[in-house]
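An overview of the molecular structure
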Number of protein chains: 2
Amino acid sequence: MQTIQQSFKVEYSYAVFFTHYLFDQKNPLLKNFFNDYSEQGFQRKALVIADEGFLHHHPEIPGQISSYFSESVPQVQLASEIISVPGGETAKNDINTFNRLVEAVDMYGIDRHSFIIAIGGGAVLDLVGYAAAVSHRGIKLIRIPTTVLSQNDSGVGVKNSINFHGKKNFLGTFAPPVAVFNDLTFLKSLDDRDWRSGIAEAIKVALIKDAAFFEWMEEHVVALAHRDTESMAYLIHRCAEMHTDHIAGGDPFEFGSSRPLDFGHWAAHKLEYLTNFEIRHGEAVAIGIALDCVYAAKAGRLAEADLNRILEVMHKLGFELYHPKLSENDKINLRNGLQEFREHLGGQLTIMLLDKIGKGTEVHELDTGIISDAVDFLSAFQSQLTESKVLE
Amino acid sequence: MQTIQQSFKVEYSYAVFFTHYLFDQKNPLLKNFFNDYSEQGFQRKALVIADEGFLHHHPEIPGQISSYFSESVPQVQLASEIISVPGGETAKNDINTFNRLVEAVDMYGIDRHSFIIAIGGGAVLDLVGYAAAVSHRGIKLIRIPTTVLSQNDSGVGVKNSINFHGKKNFLGTFAPPVAVFNDLTFLKSLDDRDWRSGIAEAIKVALIKDAAFFEWMEEHVVALAHRDTESMAYLIHRCAEMHTDHIAGGDPFEFGSSRPLDFGHWAAHKLEYLTNFEIRHGEAVAIGIALDCVYAAKAGRLAEADLNRILEVMHKLGFELYHPKLSENDKINLRNGLQEFREHLGGQLTIMLLDKIGKGTEVHELDTGIISDAVDFLSAFQSQLTESKVLE
Ligand SMILES: NC(=O)c1ccc[n+]([C@@H]2O[C@H](COP(=O)([O-])OP(=O)(O)OC[C@H]3O[C@@H](n4cnc5c(N)ncnc54)[C@H](O)[C@@H]3O)[C@@H](O)[C@H]2O)c1
Ligand SMILES: NC(=O)c1ccc[n+]([C@@H]2O[C@H](COP(=O)([O-])OP(=O)(O)OC[C@H]3O[C@@H](n4cnc5c(N)ncnc54)[C@H](O)[C@@H]3O)[C@@H](O)[C@H]2O)c1
Ligand SMILES: [Zn+2]
Ligand SMILES: [Zn+2]
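The name given to chain A in an unreviewed UniProt entry is 3-dehydroquinate synthase, and the organism recorded there is Dyadobacter sediminis. Under the heading Cofactor (unreviewed entry), UniProt records this for chain A: "NAD(+)".

**Quick word on the interface of chain A and chain B**
Tallying the contact residues gives 71 residues for chain A and 71 residues for chain B. Overall, the association of chain A and chain B removes approximately 6,400 Å² of surface from exposure, summing both partners, and the carbon and sulfur fraction of that is 60%. When the buried surface of chain A facing chain B is broken down by residue, Ile 4, Phe 8 and Arg 137 of chain A rank first, second and third, together holding 14% of it. Across the chain A-chain B interface, the total number found is two salt bridges. Two residues, Lys 167 of chain B and Asp 106 of chain A, come together in a salt bridge whose shortest N-O distance is 3.5 Å.

**Remarks on the relation of the copies chain A and chain B**
Superposing chain A onto chain B requires a rotation of 180° together with a translation of 0.0 Å along the rotation axis, leaving an RMSD of 0.0 Å. Considering both components of the superposition, the chain copies are consistent with a two-fold axis. Looking at the rotation axis and the C-alpha trace of chain A, the residue lying nearest is Val 10 of chain A, at 2.6 Å. Taken together, the interface assignments show that 100% of the residues at the interface of chain A recur at the interface of chain B, consistent with an identical surface on both copies.

**Section: unusual backbone geometry**
Residues and elements named next belong to chain A. Residues other than glycine seldom take positive phi values, yet Arg 137 does so here, at roughly 60°. Here Asn 169, not a glycine, exhibits a phi torsion of approximately 55°, which is positive. Within the secondary structure, Asn 169 is located in strand β8 (residues 167–174). Judged by relative accessible area, which is 22%, Asn 169 ranks as partly exposed.

**Notes on the site of ligand 2**
Residues and elements named next belong to chain B. Lining the immediate environment of ligand 2, one finds 24 residues, of which Asp 51, Gly 122, Thr 146, Thr 147 and Ser 189 sit closest. Between ligand 2 and Glu 89, the relevant distance is 2.9 Å, taken from an oxygen atom to a side-chain nitrogen or oxygen of the residue. Ala 123 has a polar backbone atom sitting 2.9 Å from an oxygen atom of ligand 2. Taking 870 Å² as the accessible area of ligand 2 by itself, protein coverage stands at 87%. Secondary-structure elements contributing two or more residues to the shell around ligand 2 are α2 (52–57), α6 (122–134) and β8 (167–171).

**Things to note about the coordination of the zinc ion (ligand 3)**
Residue and element names in this part refer to chain A. Coordination of the zinc ion (ligand 3) by the protein comes from Glu 201 (OE), His 265 (NE2) and His 281 (NE2), over a distance range of 2.0 to 2.2 Å. The sequence pattern formed by the donor residues of the zinc ion (ligand 3) is E-x63-H-x15-H. In this pair, His 265 is assigned in helix α13 (residues 265–274) and His 281 in helix α14 (residues 281–298), connecting sequence segments 16 residues apart. Assessed through its relative accessible area of 5%, His 265 is described here as buried.

About the thresholds
Residues numbered from 1 in each chain as written. Chains lettered and ligands numbered in written order. Predicted model: local features only at pLDDT ≥ 70, side-chain atom pairs only at ≥ 80, totals over all residues. Heavy atoms only, no water. UniProt positions renumbered as here; feature names shortened; annotations may be inferred. Contact = heavy atoms within 4.5 Å. Buried area = accessible area lost by both parts, 1.4 Å probe. Salt bridge = Lys/Arg side-chain N within 4 Å of Asp/Glu carboxyl O. Least-squares fit on C-alpha atoms with pLDDT ≥ 70 in both. Helix = DSSP H or I, 4+ residues; strand = E, 2+ residues; numbered from the N terminus. Buried < 20%, exposed > 50% of the residue type's maximum accessible area, 1.4 Å probe, protein only. Near = heavy atom within 4 Å. Polar contact = N/O pair within 3.5 Å; in protein donor to acceptor, adjacent residues only side chain to side chain. Areas by Shrake-Rupley, 256 points an atom, 1.4 Å probe, with all protein chains shown as cover. Donors = N, O, S within 2.8 Å, 3.2 Å for Na, K, Ca; no water.

Here it is as structure tokens:
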């Protein structure tokens, strides 16, 4: 009997809005969004799920949300409760938190034409995004990212996940949101580590795709380190734009094996594990980028002048560029990380290395001797910097 | 700051193959599929997960699979174990079964470039499809459906799901497979109820889309009732084709609210609940179709001659067209089902009713008085048939 050949395309579209004071009655952004989304005959509901760490610094937000909806978005029925979940990796580690969200979807009758509104850092957005994606095979998700990393990277993309039995991001889906609202005022309450950490992803995209953006960072490095909000606003916008362009231009749901946005990430992933997630994702990425750049220089790909510019920007932003776990166990742990990354990719290793600032090439092998030298280089580099600070 | 507008398309394609004796060494179908899928540099693995109820009747299959892979597909490394899971709704009810599958994905190092091969009825395919879709954000899924319903409907489509706290299909995703292999020899071991049950979905698509297919069924009704395999092969092929066409032609991931393939399903869903899933999905669908057709006739839409042809085909196939649960509690339970279906759709009720065989129209309201009359009609109709059988 004749084979049936099935093929079709699925279209996605969503906007990433930039704003200040999203839930202020005078801000029409959300109201306009919901008006545009209206459709005759539907009684849409909305369930808000927010990051406890965020709410701790913004206790006025739940009240503002209730007022905003009742006055400006009366056509959408808000669930009687705003659900709060622990912030950071805890959100993704405990399956009971996930279950609690699915139960709330059931209890408040949130259907496929209703909304889940996720407010928080990357971890909470990942958890809520996953719960929304699998409940009723996908409830419309609105993301309101509240950290630098989530505003410029994770929150504007198409992925979600939770951890399973301690395995990072083991369960997840590709599921675009229906809208993202980046409120820059929310970033003020971040601690310095989270402010800085998210910048690592911007350095990453600049290095592999946009030399001009990297030069802009060099010029604004002091402002960024001193938490200048205008500079950060530009950085987030440009990084988010490059991130969304990359997704749309390539392989949105990562069916292939090329993953240029994983630049600097193979060592970063291992380091997160080796430190038991005590260092932030962005802190690990900064070290991973440093390692792969030193490697590229030692391998004769990247000019030393470029290497120095890269290390300098990251150092001036306050990133540590070495972690003792890189050397532990004779660097075998780290080399295992490379092996695990290879397996994760399905057997074929693909690593992005820089040829110059703004341009990378994918390679399929790394030399473990050079990796080892690069680790020693970073160790010496960091301790020299620390000494010079002590002497200052 | 300027809003970023993201939009992109994701492409899917897969073939539905029809065959006999899929795992016989002489059958090149699977071998060819994996050869075409080969790509330099990947070490792909495969994990087979099979339906216990199926394996009970086909105990030779695991051995055949091992031999087939080691001789014909050496480039794909089969996990050392074929995992079996309980068949039927049990598969979807127990979260521990899902967890067991995800643990196996981890243990056997099944990555995004490897395969999960699901063998079984619709319930097992739904469970395995869900586990595959969310592990590592999506492992390539090969479906080998072993029931009529899964070969002509659920297994060739794009949905998966499990139940959550007793709520049917509460968790799931839209996730197309990379291939479907329909082996018609597997159907021989089905019991009569499962053989018949899957035919209900074919009646459904014929009634709303293809009068000629319905006429074919009228002509082959005796052969189908007597388990003629050639007739069944044609029925499955035509139904699968219409099903995949419908998905590709419309709204594959059901972002909108029109769901013509839910014809006959509002009452069917409620009846499955009311009987605690003791009746099969297809048995419930046959009753649901009968109810909505009697309704359409009573509402003056459908000619009585058409109604009689429809009821006659289903009766000759052996379907019961009435269940006492429809009348229970003064039909309030059933009417609640309509209300729940409305909520499920997001507030706007959309029900397909027939104008004639082969053509339906969507309506947004049903009259509860007419529903009640239709139930009484079916009750009388069925008891008359039963009496006449007793007299025979
Ligand atoms: N889905 C993706 O594509 C993707 C990409 C990169 C990273 N991630 C994930 O993102 C997570 C990291 O996200 P993150 O860097 O945003 O950190 P995070 O979500 O772990 O949050 C860090 C801390 O900041 C708190 N917080 C959040 N907003 C705050 C605010 N405005 N003021 C004060 N405190 C606030 C949180 O409660 C938490 O304690 C990781 O789980 C990582 O796996 C996902
Ligand atoms: N994903 C979708 O789009 C979709 C569509 C319709 C229905 N479904 C789901 O499909 C399920 C029903 O599937 P089904 O009708 O295939 O029944 P089933 O999967 O419940 O299987 C019925 C019984 O047949 C046994 N069995 C399977 N293959 C056999 C064989 N070849 N020989 C003998 N016994 C065999 C099973 O072990 C089970 O006991 C429901 O859970 C329903 O929700 C899903
Ligand atoms: Zn990252
Ligand atoms: Zn059905």
